[in-house]
Amino acid sequence: MKQLFSLFTFLLMSIYSFSQVTIKGKITDAKGNPIEGANIYLDGTYDGASSNADGNFSFSTSEKGAQTLIASFISFENFVKTDNVENFKTLVIKLREDVNTLDAVVINAGSFDAGEKSRAVALKPLDIVTTANALGDVAGALQTLPGTSANEEDGRLFVRGGDAEETQVFIDGIRVFSPFLPTGNNLPTRGRFSPFLFKGMTFSTGGYSAEYGQALSGILALNTINEPDQEKTDLQFMTVGLGVGNTQIWGKNSFSINTSYINLAPYQWAFPDKNNWLKPYETGSGEMVFRHRTKNDGLLKLYGAYSYTNFDLIQEDINFDNGFRFALKNNNIYFNGSYKQRLNNGWSISGGLGYTHDNSKINIQEDRITNAENSAHFKVKLKKRFSSRLKLSFGSEYFITNFNEDFHQISGNSFNNKFDNNIFASFAETDFFFSKKLAAKAGIRLENSEITNEFTISPRLSLAYKSGKNSQFSFAYGRFYQNPKNDYLKFADNLTSENTSHYILNYQYVKDKQIFRTEAFYKPYNNLVKYDGAFASPLSNYNNSGSGFAKGLEVFWRDGKNIKNIEYWTSYSYLDTERDYKNYPTSARPNFASKHNLSVVGKYWLESWKTQLGISYSFASGRTYTNPNIGGFLNQETKNYNSVSINAAYLISQQKILYFSVNNVLGTQNVFGYNYKNQPNTNGVFDRQAITPNANRFFFIGFFWTISDNKKDNQLNNL
Amino acid sequence: MKKNITFFTLLVVLTISAQSKYETGMQKAFDLWKNNKTTEASQLFERITNAKKTEWLPPYYVATIEIITSFGLKDGAILDNKLKKAQQFLDKASTISPNNPEITITQALLNTAYIAFDGQKYGMTLSVKNNSLYQEALKMAPNNPRVILSKAEWDMGSAQFFGQSIEPYCKDVQKTIPLFEKEKLPQFYPSNGINRAKEVLKKCKKQ
């Protein structure tokens, strides 16, 4: 026994001390430059070494037989080799660059990311709520980015010569069918969603992924927060209304609710505008999100929103002596459920459904309109990650829209208009990194639309090339189809989809909290809807013979570095566009498109006052209008648009904030266009009325109070 | 029977040698760290992590070193790479040892590294996260001096920002000194902090 034990001890000793192998080699990058400080080791052992300045390394091991050697260095892919340890005596290792790093090329032609995850952030999360003229509205903040036009009387997103309905909004990948609150003529709208249920967003002004369709101009994709950090109650007291929010967390579940009631009656009593309000603007809304993380790390989110809008007003109109009456009652319910799950072998699945019910009762003068829209969206998407260099995603989706409208004229006539607009689509897309410097994204989207009885194929392609340490070029091309809007589909059944192509060239320079980017684009439009008559009515004839184009150049600069406590950005967009659509007699620049748009936003943190001061300036060159006193169509231009807005957020304590803002503080008299009288006066001249904002300035004061256990969180992110 | 004994002895010998190998390895890594060879130390911790998959300390130290060395970096890409790596190892550590207050406060330190780099970009979301991480850690270990100290320092930061007194937090820091002194920890367990606490107290006295 003793002998046996000694024998074993001896054997063990010999394993540990006698059979040492020395592993030596040199480690370089793909170009042959030595890498210093790489970690080279045998997996599962303590044996290893760091490479020196020449990339050389050497260490000895007593391991035997087949072993796995790993070489790792930050921002490079691991080198892994399994072989007999004897074969590791002289190694030459070349590491491949990891393409998943912040300094790798990124495919971004046309798109802006807001959120902390993205690499070059044009808008930070806080910006939505601290940009002076945005008043906490997502669309308002995005209007300070290039590619958008400042259409203050509308409030929606007008992207690169496209009208507002050419931009679609998505929440967690699911379409939002009516993202904006309904308003009347010349009354700016806001998004229905409050910004603080979201953690990030992508705003694309062109060339977007094959995952998105039915949008000719742009998409805005919002992602809700995955898991809230803490339980809290938020209270908001504002000059225009009240708000309450609450978040609960239990186990793997959380629930957030946010409600608000806005009534402009007190405000309009204090600061009357030029309208005669029979029922001042009133809206009540509630949103809630329930989130559940499943045992196998899947994530289920249920988002529901309800909003109610009601107003009644008489607006001055040159053609109606007693003014023009417009009243609206709208109910909107939106539900969105999504699920995400990682599977084995690099696969992941996500999907969801969205449903909207929207109904409105509208009074236009003495005529009554009631309409209802039911829409749904079903989507499933699979992703496969083959390596960090190759990813594939594909999926299918189905859109259903059912629209029904009753029109009762004062004369006693009534009309009923309805349609079903169902679309089935499939998409596939691949992301491929040739190297850290060159990447491509190629996709295709197939759509089959029932109402237009059409099958369309939309290819998409983006390329990006990193030209220097801080700079890169990108190119994007895509083909886009969108069914005609509800306003036409309800009257016509002979229409096909409208289409366009995007060609985008982008250059970007990013360094140390500074971003410079410039983008040039060209978009030809075809098959735009045309009709005859003064406005789209059941009596008009409709066809797809319209066409148009848009081209332009945009520049964006953001700097958070050069001046202490100051962060600012500036956007300039040049747009050259013409369309022959609607009832245009000829090709012309639409009224909503200004040739030049400029926006400057600045923020200053005043340390000693605990106050953030903000200022924003928007400029837009004149908008077209038709002057019937001289011949032609959209033949004249309004004067330039100018608006300066300021705001201040004062942190009273960690959980109490006082917020103050004034839009158009200088009270500039802006003009969006002119209404001409239908008949000339006795001198044979058509009189006109300027279309101007309802009030020149808008004041807002709010007090925001958060109640939570740790007494730290505040609503700075809601403002 | 004999065979069994032999086998058992062999097993014991092997286990002992493996155990001591872990200890030697860890000791060597700490020595490297003390001699400012942080890269080598981190790499050795990384190798130990891969070899000894049941210990949370090696990945914890890989993360700690990456976080500490990322403070003051100017290049966002390098910072992000380092902190991503730190996150990866911190996740490993917390899989091995869930609900560990030392890991929780290190997670908060990692977030602080991001906030220190770009407050505008990361401050809003991560500072809320840190508040709840510190609260969570304190619930798990109300008498752990490192938890109390790091929470107090974090609270002092926000108090100073709002121009409020840091006085209440100084008391918390004072509390940690005897706790540090009587603390008896297992080998290689994070034990730093008393000097830091004394430094913070000096700041308190100046007020």
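So, here's what we can say about the structure. Bear in mind that the values here come from a model prediction, so they are computed numbers and not experimental data. (Residues numbered from 1 in each chain as written. Chains lettered and ligands numbered in written order. Predicted model: local features only at pLDDT ≥ 70, side-chain atom pairs only at ≥ 80, totals over all residues. Heavy atoms only, no water.)

Notes on the overall build of chain B
Then, in step 1: On a plain count of helices and strands, chain B comes out with nine helices and zero strands.
Then, in step 2: Per-residue burial over chain B gives 48% buried out of 207 residues.
Then, in step 3: If you take every contact in chain B between residues at least 6 apart in sequence, the share linking residues at least 24 apart comes to 61%. (Helix = DSSP H or I, 4+ residues; strand = E, 2+ residues; numbered from the N terminus. Buried < 20%, exposed > 50% of the residue type's maximum accessible area, 1.4 Å probe, protein only. Contact = heavy atoms within 4.5 Å.)

A look at the packing of aromatic side chains
Then, in step 1: Overall, the coordinates contain 43 aromatic pairs over all chains when judged by the stated rule.
Then, in step 2: With a centroid separation of 6.1 Å and 65 degrees between ring planes, the pair formed by Tyr303(A) and Tyr334(A) is classed as edge-to-face. Note that Tyr303(A) is positioned in strand S18 (residues 299–317) and Tyr334(A) in strand S19 (residues 320–342), a separation of 31 residues in sequence. Both residues of the pair, Tyr303(A) and Tyr334(A), belong to the buried class.
Then, in step 3: Linked through ring pairs, Tyr22(B), Phe30(B), Trp33(B), Phe45(B), Trp56(B), Tyr60(B), Tyr61(B), Phe188(B) and Tyr189(B) together constitute an aromatic cluster.
Then, in step 4: In this arrangement the basic side chain of Arg579(A) is found over the ring face of Tyr581(A), its NZ or CZ atom lying 5.0 Å from the centre.
Then, in step 5: Of note, Lys92(B) hangs over the ring of Phe89(B), and the distance from its end group to the ring centre comes to 4.6 Å. (Phe/Tyr/Trp six-rings, centres within 6.5 Å; stacked < 30°, edge-to-face > 60°. Lys NZ or Arg CZ within 6 Å of the ring centre and 35° of its normal.)

Topic: the state of the cysteines
Residue and element names in this part refer to chain B.
Then, in step 1: Under the defined criterion, the tally for this structure stands at one disulfide over all chains.
Then, in step 2: The side chain of Cys170 participates in a disulfide bridge whose partner is Cys204; the two sulfur atoms lie 1.9 Å from each other. With the S-S bond torsion at -90 degrees, the cross-link from Cys170 to Cys204 turns out left-handed. Pair noted here: Cys170 is in helix H8 (residues 167–182) and Cys204 is in helix H9 (residues 194–206), with a separation of 34 residues, a long-range link. (Disulfide = S-S within 2.5 Å.)

Topic: the nonpolar core
Looking at soluble globular proteins, one finds that nonpolar side chains tend to be buried together.
Then, in step 1: Met26(B), Phe45(B) and Leu57(B) are the most contacted members of the largest nonpolar core, which totals 39 residues.
Then, in step 2: Among the secondary structure elements, those contributing two or more residues to this core are helix H1 (2–34), helix H2 (38–51), helix H3 (57–70), helix H4 (76–96), helix H5 (101–117), helix H6 (119–140) and helix H7 (145–161) of chain B.
Then, in step 3: Residues contacting Phe45(B), with those up to four places away along its chain left out, are Met26(B), Ala29(B), Phe30(B), Trp33(B), Pro58(B), Tyr61(B), Val62(B) and Ile65(B).
Then, in step 4: Residues Leu142(A), Val169(A), Ile174(A) and Trp569(A) belong to the second largest nonpolar core, which totals 31 residues. (Core = buried A, V, L, I, M, F, W, Y, C linked by side-chain atoms within 4.5 Å.)

Considerations on the sheet that holds strand S3 (residues 48–50) of chain A
Then, in step 1: Read across the sheet, four strands follow the order S3-S2-S5-S6 (chain A) without closing on themselves; strand pairing throughout is antiparallel. Among the strands making up the open sheet, the edge pair consists of S3 and strand S6 (79–84) of chain A. For this sheet, the mean inter-axis angle between neighbouring strands, taken without regard to orientation, is 15 degrees.
Then, in step 2: Here six bridges tie strand S5 (residues 66–72) of chain A to S6(A), and the two strands are oriented antiparallel to one another. Paired with Ala66(A) across the two strands is Asn84(A), which belongs to S6(A).
Then, in step 3: Of the strands in this sheet, strand S2 (39–42), S3 and S5 of chain A touch H2(B), which is tilted by about 30 degrees from S2(A). (Pairing = 2+ DSSP bridges. Axes fitted to C-alpha atoms, helices over the stretch in contact; angles between N-to-C directions.)

Here we look at H7(B)
All names here are of chain B.
Then, in step 1: Relative to the 24 Å expected for 17 residues at 1.5 Å per residue, H7 spans 24 Å between its end C-alpha atoms, a close match to the ideal helical length.
Then, in step 2: Burial runs high along H7: 13 of the 17 residues are buried.
Then, in step 3: Capping the start of H7, Asn144 holds a side-chain oxygen 2.8 Å from the backbone nitrogen of Arg146, two or three residues further along.
Then, in step 4: Just downstream of H7, Gly163 is the residue with a positive phi angle, here 65 degrees. (Expected span 1.5 Å × (residues − 1). Polar contact = N/O pair within 3.5 Å; in protein donor to acceptor, adjacent residues only side chain to side chain.)

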